[in-house]
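Given next are the chains, with one letter for each unit.
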Amino acid sequence: MGNRRSYDLALLAALLVSLVLFVLPLFFFLRQSFYENLGMGLVGDTPSLRNYADILTDPFYLGVFWRTTRLSAVAALIGLCIAYPTAYVLARSRSSFVRGLIVLLLITAFVSIIVKVLGLTVLMGSQGPIATLLRSLTGSSASMLHNEFAVAVGLVQYSLPLLVMLLFGVIQTIPRSLEEAAAVGGASDWRLMRRVLLPLSFNGMITAGLIAFNMNMGAFTSAVLLGGGNVLTVPVLIQRKIVLDVDYPVAAALAVLLSLGVFGINVGVATLRRSPTGASRMRRATA
Amino acid sequence: MAQRLGAGHRARLIDKMTSVTLDKVVKRYGQVDVVRGVDLAIEEGELVVLLGPSGCGKTTTLRMIAGFIEPSAGEIRMGAEVVNRKPPRLRNLGMVFQDYALFPNMTVSGNIAFGLEERRVPAAQRTARVEAMLAMIHMEHLAGRYPSELSGGQQQRVALARALAYEPAVLLMDEPLGALDQKLREEMQREFARIQRSVGITTIFVTHDQQEAMMLADRIVVMNGGVIEQAGTAEALYNRPASLFIADFIGRSNKFQGVVERLEGGEAQIRLDGGALIRTAVPAEVAAKDKVICVVRPENLRAGRADLDNAVEARVLRRSFLGDSVDVMLELDGRDEIILKAGRADLATLPEDGRLTLGFAQGDVTCFPASARTG
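Just so it is clear, the model here is predicted, and its values are computed rather than measured.

Cut-offs used in this document
- Residues numbered from 1 in each chain as written.
- Chains lettered and ligands numbered in written order.
- Predicted model: local features only at pLDDT ≥ 70, side-chain atom pairs only at ≥ 80, totals over all residues.
- Heavy atoms only, no water.
- Helix = DSSP H or I, 4+ residues; strand = E, 2+ residues; numbered from the N terminus.
- Buried < 20%, exposed > 50% of the residue type's maximum accessible area, 1.4 Å probe, protein only.
- Areas by Shrake-Rupley, 256 points an atom, 1.4 Å probe, with all protein chains shown as cover.
- Lys, Arg positive; Asp, Glu negative; His and termini not counted.
- Charge placed at Lys NZ, Arg CZ, Asp CG, Glu CD.
- Contact = heavy atoms within 4.5 Å.
- Buried area = accessible area lost by both parts, 1.4 Å probe.
- Salt bridge = Lys/Arg side-chain N within 4 Å of Asp/Glu carboxyl O.
- Polar contact = N/O pair within 3.5 Å; in protein donor to acceptor, adjacent residues only side chain to side chain.
- Axes fitted to C-alpha atoms, helices over the stretch in contact; angles between N-to-C directions.
- Parallel < 35°, antiparallel > 145°, perpendicular 65-115°, else oblique.
- Left-handed = near helix turned anticlockwise from the far one by under 90°.
- Nonpolar A, V, L, I, M, F, W, Y, C, P; charged D, E, K, R; others polar.
- Domains from an automatic or database assignment.
- 1 Å grid on protein atoms, 1.4 Å probe; cavity = no way out; pocket = protein on both sides within 12 Å on 5 of 7 lines; lining within 4 Å.
- Points joined across faces, edges and corners; volume = space filled by probe spheres on them.
- Pairing = 2+ DSSP bridges.
- Expected span 1.5 Å × (residues − 1).
- Core = buried A, V, L, I, M, F, W, Y, C linked by side-chain atoms within 4.5 Å.

Participant: Which residues make up the overall build of chain B, and what are the values?
Facilitator: The helix and strand inventory of chain B stands at nine helices and 20 strands. Every one of the 375 residues in chain B was classed for burial, and the buried ones make up 52%. On chain B, roughly 16200 Å² of surface is accessible, and the fraction owed to carbon and sulfur atoms is 47%. The centroid of the 47 positive side-chain charges in chain B is displaced by 5 Å from the centroid of its 49 negative side-chain charges.

Participant: Please give an account of the interface of chain A and chain B that cites residues and values.
Facilitator: Facing 23 residues of chain A, the contacting portion of chain B comprises 28 residues. Where chain A abuts chain B, roughly 2100 Å² becomes buried across the two surfaces, and 57% of that area is made up of carbon and sulfur atoms. Where chain A meets chain B, there are four salt bridges. Viewed at the interface, chain B and chain A are joined by eight residue pairs in polar contact (both at pLDDT 80 or more). Only α8 (176–184), α9 (189–218) and α13 (279–286) of chain A provide two or more residues apiece to the side of chain A that touches chain B. At seven residues, the largest contribution of residues to the side of chain A that touches chain B is made by α8 of chain A.

Participant: Account for the packing of helix α3 (residues 108–118) of chain B against helix α4 (residues 123–136) of chain B, naming residues and giving values.
Facilitator: All names here are of chain B. The contact between α3 and α4 brings their axes to 10 Å, and the two run at 125°. One finds that α3 runs oblique with respect to α4. Here α3 runs over α4; the crossing is right-handed. Two secondary-structure elements touch here, α3 through Val 108, Ser 109, Ile 112, Ala 113, Leu 116 and Glu 117 and α4 through Arg 126, Arg 129, Val 130, Met 133 and Leu 134. Residue classes in the contact of α3 with α4 are distributed as seven nonpolar, one polar and three charged.

Participant: Before we move on, could you go through the domain arrangement of chain B and cite the residues and values that matter?
Facilitator: Residues and elements named next belong to chain B. Taken as a whole, chain B is organised into domain 1 (7–246) and domain 2 (255–369). Domain 1 puts six residues into the contact, and the matching count from domain 2 is seven residues. Summed over the shared surface of domain 1 and domain 2, the number is zero salt bridges. Across the contact surface, domain 1 and domain 2 share two residue pairs in polar contact (both at pLDDT 80 or more). Residues that form the side of domain 1 that touches domain 2 fall into these classes: five nonpolar, one polar and no charged.

Participant: Let's hear about the layout of surface pockets: which residues, and what values?
Facilitator: By volume, the largest pocket amounts to about 490 Å³. Lining the largest pocket we find 19 residues, and of these Arg 176 and Glu 180 of chain A together with Arg 63, Gly 67 and Phe 68 of chain B sit closest to its centre. Where the lining of the largest pocket is concerned, the elements lending two or more residues are α3 (59–92), α8 and α9 of chain A. At four residues, the largest contribution of residues to the lining of the largest pocket is made by α8 of chain A. When its volume is computed, the second largest pocket comes out at roughly 280 Å³. For the lining of the second largest pocket, the secondary-structure elements that each account for two or more residues are α3, α9 and α12 (248–270) of chain A. Here the lining of the second largest pocket gets seven residues from one element, more than from any other, and that element is α9 of chain A. Its residues placed into classes, the lining of the second largest pocket shows 12 nonpolar, one polar and no charged.

Participant: An account of the sheet that holds strand β20 (residues 365–369) of chain B is requested, with residue identities and associated values reported.
Facilitator: Residues and elements named next belong to chain B. Strand order across the open sheet formed by five strands is β13-β12-β11-β14-β20, with antiparallel pairing between neighbours. For this open sheet the edge positions go to β13 (277–281) and β20, each flanked by a neighbour on one side alone. Mean inter-strand twist for the sheet, computed between neighbouring axes without regard to direction, equals 45°. Pairing of strand β11 (residues 254–264) with strand β14 (residues 291–296), which is carried by six bridges, proceeds in the antiparallel orientation. In the strand pairing of β14, Phe 256 is matched with Cys 294.

Participant: Break down helix α5 (residues 152–164) of chain B for me, with residues and values.
Facilitator: With 13 residues, α5 of chain B extends 19 Å between its outermost C-alpha atoms, agreeing within 8% with the 18 Å of an ideal straight helix rising 1.5 Å per residue. Buried residues dominate α5 of chain B, accounting for 11 of its 13 residues. If you follow the buried residues of α5 of chain B, they end up packed against α8 of chain A together with β6 (93–96), α3, α4, β7 (170–174) and α6 (182–199) of chain B.

Participant: Any details on the nonpolar core? Residues and values, ideally.
Facilitator: Among the nonpolar cores identified, the biggest contains 146 residues, and Ile 112, Leu 172, Ile 204 and Val 222 of chain B are the most heavily contacted of them. Sorting elements by how many residues they give to this core places α3 of chain A first, with 12 residues. Every residue in contact with Val 222 of chain B, bar those within four places of it in the chain, is listed here: Leu 51, Val 227, Ile 228, Glu 229, Gln 230, Leu 237, Phe 245, Ile 246, Phe 249 and Ile 250 of chain B. Listed in part, the 28 residues of the second largest apolar core include Val 282, Val 292, Val 328 and Leu 358 of chain B.

Participant: Account for the domain arrangement of chain A, naming residues and giving values.
Facilitator: We note that the domain assignment places domain 1 (1–32) and domain 2 (65–274) within chain A. Summarising the inter-unit geometry, the C-alpha centres of domain 1 of chain A and domain 2 of chain A are found 33 Å apart.

Participant: Talk me through the sheet that holds strand β8 (residues 202–207) of chain B; I want residue IDs and the actual numbers.
Facilitator: Residue and element names in this part refer to chain B. Taken in spatial order, the six strands of this open sheet run β6-β7-β8-β3-β9-β10, and their pairing is mixed. Sheet topology places β6 and β10 (227–232) at the edges, where each strand pairs with a single neighbour. Taken pair by pair, the neighbouring strands of this sheet meet at an average axis angle of 20°, ignoring direction. By the bridge criterion, five bridges tie β7 to β8 in an arrangement that is parallel. Note that in β8 the partner of Asp 174 across the bridge is Val 206. The sheet contacts of α5 involve β6 and β7, and relative to β6 the element is tilted by about 170°.

Participant: Give me empty space enclosed by the protein: which residues, what numbers.
Facilitator: If a probe the size of a water molecule is rolled over the atoms, the empty space left behind becomes visible. Throughout the structure, instances matching the rule amount to four cavities of 30 Å³ or more. Within this model, the largest cavity holds a volume of roughly 70 Å³. Around the largest cavity, the lining residues are Ala 181, Val 184 and Gly 185 of chain A together with Met 95, Phe 97, Phe 103, Phe 114, Gly 115, Arg 162, Ala 163 and Tyr 166 of chain B. Elements that contribute at least two residues to the lining of the largest cavity include exactly α8 of chain A together with α3 and α5 of chain B. Here the residues of the lining of the largest cavity sort into eight nonpolar, two polar and one charged.

Participant: Lay out unusual backbone geometry with the relevant residues and their values.
Facilitator: All names here are of chain B. If you check the backbone angles, Asn 92 has positive phi at about 55° while not being a glycine. In this fold, Asn 92 is placed in the loop between β5 (81–82) and β6. Using a relative accessible area of 2% as the deciding quantity, one classes Asn 92 as buried. For Glu 167, which is not glycine, the phi torsion reads 45° and is therefore positive. With respect to the helices and strands, Glu 167 occurs in the loop between α5 and β7.

Put into structure tokens, the structure is as follows:
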């Protein structure tokens, strides 16, 4: 028992650290969202929902929210489409070389986002290989950077390793014999995917897609560096409100609305998940 | 009906019950030959069991017939058509998997209808067929259940119904009863035998359980080390094993080691290692002075029958009462452990311990050269 208690004390220290360094500052920051901005970093002293009302009635802010959501969702969907076949091949392979590739994938997930984004900047920049190729083919030299497309590419690139790993786990839970049973039953590869693989990995795809979406909604680096100031997303806007306008209350309100929005979308999309085995249906029937 | 179900939309689909022929089939993985030249002709409507220890190549052979694996050499034919490269979906096979492989996202009816839907069988005909299948497996009342709501035996039945629903050309069974407990297993064996007989479909059944093989098969094909060791009826394999491996693998065998002392027109006098002299026929390749292993089935040893062709003395170690019979463990000259299987009627005459004379007829002994591979 004595040992057990000393372990508990160790936990207490961690709790204290996160309270002081994380919860408290967050609390004070979010509390500001209910007070008026007086300029010069000063805030008023009567709490109200004024900041929220201002944001939710201003087409500019709403446009930023819509752009962020759209970009995040599209990037998550593209990521799913690219990650699924990759994860499938990895999950179905018996070769140890392929298993080694998964370790590589894990390593790329730890590469700093700055490095990844800079790589994309070189690749897609006006002097980069793609632009050079396009110029020699068409004669025109449109830059691919500093627009929504560039940001979407960055978002997809960043979330891809994670998506592949998540879907790898999902596909591994589907026995290969199910695919063989479908093939023996007369199903083509396409029918097999539509009737067996996709229904059985649907819930996993929803979960993986939501995780990628959430990462995209909070993505700052890709939006700033690849968007080059032309693609204003909520995280970028929050940073500007704090650094350029010194408007903590509106920044805080934006952060709260971003969190609530992401939460709501997650709850909404998660209801699409269903029990493919009918287990819940039976529970209802017998209840 | 199979012809109607298969005809029309897919010209290349094999559309009636067929024979299956394997011609010098080889499967090589890197340097290892898993299947090393299998020749086998399975007739229309025949139930052939591929039997053997794990790693003998029986599952690989079945998966080549299914089309999941392409043979490295040789030919697989369904009817007259070479199917080596034909994809599984065009072979018109029914298959029952070891883990059943029922689609968890479909009900019992949905699973059974799967192959019919893939063949675009009209809805009315499909419904009738699914109902007939449900009746066949006595599960009409569970049509709307999902696989996760079924017992192992029920899942097994659904898997069989799904495989037979579209009247396939050949039925493949990959150790389908391996996951069931003994009692249920025997029940399913009887039910499967009933259904297979009533459908009359060409069937290839893989198992490592020799009792299951003997119970089901028209013909048992015993595989060992990637080749067919012996093929024949259960009776032929049991009574006339072609090798020591078969004698060991099919049923139980007592083994006596000895040396051929005299050889006269195929009949040999063999001096057992313990000193007893027995007479029996030996295979042609055995010469005088050769070491041999003589095999006698436990039920062919008779207690106290010194009047039979051969007799050896043994010491009783213990007896086990098994209900319909008694197993007696014996020690022969302090070497081999011998089992004698006696009827319940003989129980009274068997001593609890001490010495016992074991008699056996010349025709009940099978001899193999001692150098023979045992697997």
